[in-house]
There are 2 protein chains.
Amino acid sequence: MPTFIDVHDGFVGVTQEQLAEAHQADLDIEASEGVHFEKAWLDPESGKVFCLSSGPSREAVMRIHERAGHATDQVYEVPVQV
Amino acid sequence: MPTFIDVHDGFVGVTQEQLAEAHQADLDIEASEGVHFEKAWLDPESGKVFCLSSGPSREAVMRIHERAGHATDQVYEVPVQV
């Protein structure tokens, strides 16, 4: 199953609780696309969120994020890892 | 110790071996700044690399990457994680 990293902008000042809520919104529906969101990291100063996921395609990851209310087109398949 | 994610551009077509070499160049000198690079993910199509690290400061992470030959100013402290 391919691995993806995606990037969101605009999460300036977002708290741990709010990030957990946003992540839970993904988890609640991810199975419908065969996606799993493993981890998310937030920089509340710049408002950047980075998500690590696995799933069948980039488009499947995008659809889950869009349906969960935080769409992004910055989704990268990362087959090379160290 | 704070956690950081940084982003590099321009790694289009880079192989597993080349990424491992670039990562090793960081590992070889990271202790001099108290930084540790835990993981790197590459999308060879877009040329994006994402690195996960810990260290004393954003600037310390930037200095290691610069000395290792792959400078970036896209270094984000990510204190909020799920």
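Details of the structure are given in the entry above.
Anyway, here's the lowdown on the structure attached to this text. Every value quoted in this text rests on a predicted model; they were computed, and no experiment measured them.

### What about the sheet that holds strand β3 (residues 48-54) of chain B?
Strand order in this open sheet of five strands is β5(A)-β2(B)-β3(B)-β1(B)-β4(B), and the pairing throughout is antiparallel. Strands at the two margins of the open sheet, each flanked by one partner only, are β5 (80-81) of chain A together with β4 (75-77) of chain B. As paired strands, strand β2 (residues 36-43) of chain B and β3 of chain B are joined by seven bridges and run antiparallel to one another. Pairing of Leu-42 of chain B across the sheet is with Val-49 of chain B, part of β3 of chain B. Helix-sheet contacts for helix α1 (residues 16-29) of chain B involve β5 of chain A together with β2 of chain B, and the interaxial angle to β2 of chain B is about 155°.

### Details of the sheet that holds strand β5 (residues 80-81) of chain B
In space, the five strands of this open sheet follow the order β4(A)-β1(A)-β3(A)-β2(A)-β5(B), with antiparallel pairing throughout. The sheet is open, and its two edges are formed by β4 (75-77) of chain A together with β5 of chain B, each paired on a single side. The strands touched by helix α1 (residues 16-29) of chain A within the sheet are β2 (36-43) of chain A together with β5 of chain B, with β2 of chain A carrying the most contacts at an inclination of about 155°.

### What about helix α2 (residues 58-67) of chain B?
Residue and element names in this part refer to chain B. Among all positions in α2, only Val-61, Met-62, Ile-64 and His-65 are buried. The arc that holds the buried residues of α2, viewed along the axis, is 160°, so those residues lie on one side. Across α2 from its buried face, at more than 90 degrees, point the exposed residues Glu-59 and Glu-66. Among the structural elements, β1 (3-8), α1, β3 and β4 are those in contact with the buried residues of α2.

### Looking at the relation of the copies chain B and chain A
Between chain B and chain A, which share one sequence, the superposing operator has a rotation angle of 180° and an axial displacement of 0.0 Å; the RMSD is 0.0 Å. Taken together, the rotation and translation describe the operation of a two-fold axis. If distances are taken from each C-alpha of chain B to the rotation axis, the shortest is found for Phe-50 of chain B, at 4.7 Å. Counting the interface residues of chain B, we find that 100% of their copies in chain A are interface residues as well, pointing to one common contact surface.

Conventions and cut-offs
- Residues numbered from 1 in each chain as written.
- Chains lettered and ligands numbered in written order.
- Predicted model: local features only at pLDDT ≥ 70, side-chain atom pairs only at ≥ 80, totals over all residues.
- Pairing = 2+ DSSP bridges.
- Helix = DSSP H or I, 4+ residues; strand = E, 2+ residues; numbered from the N terminus.
- Contact = placed C-beta atoms within 7 Å.
- Axes fitted to C-alpha atoms, helices over the stretch in contact; angles between N-to-C directions.
- Buried ≥ 20, exposed ≤ 12 C-beta atoms within 10 Å, placed from the backbone.
- Arc of directions from axis to C-beta.
- Least-squares fit on C-alpha atoms with pLDDT ≥ 70 in both.

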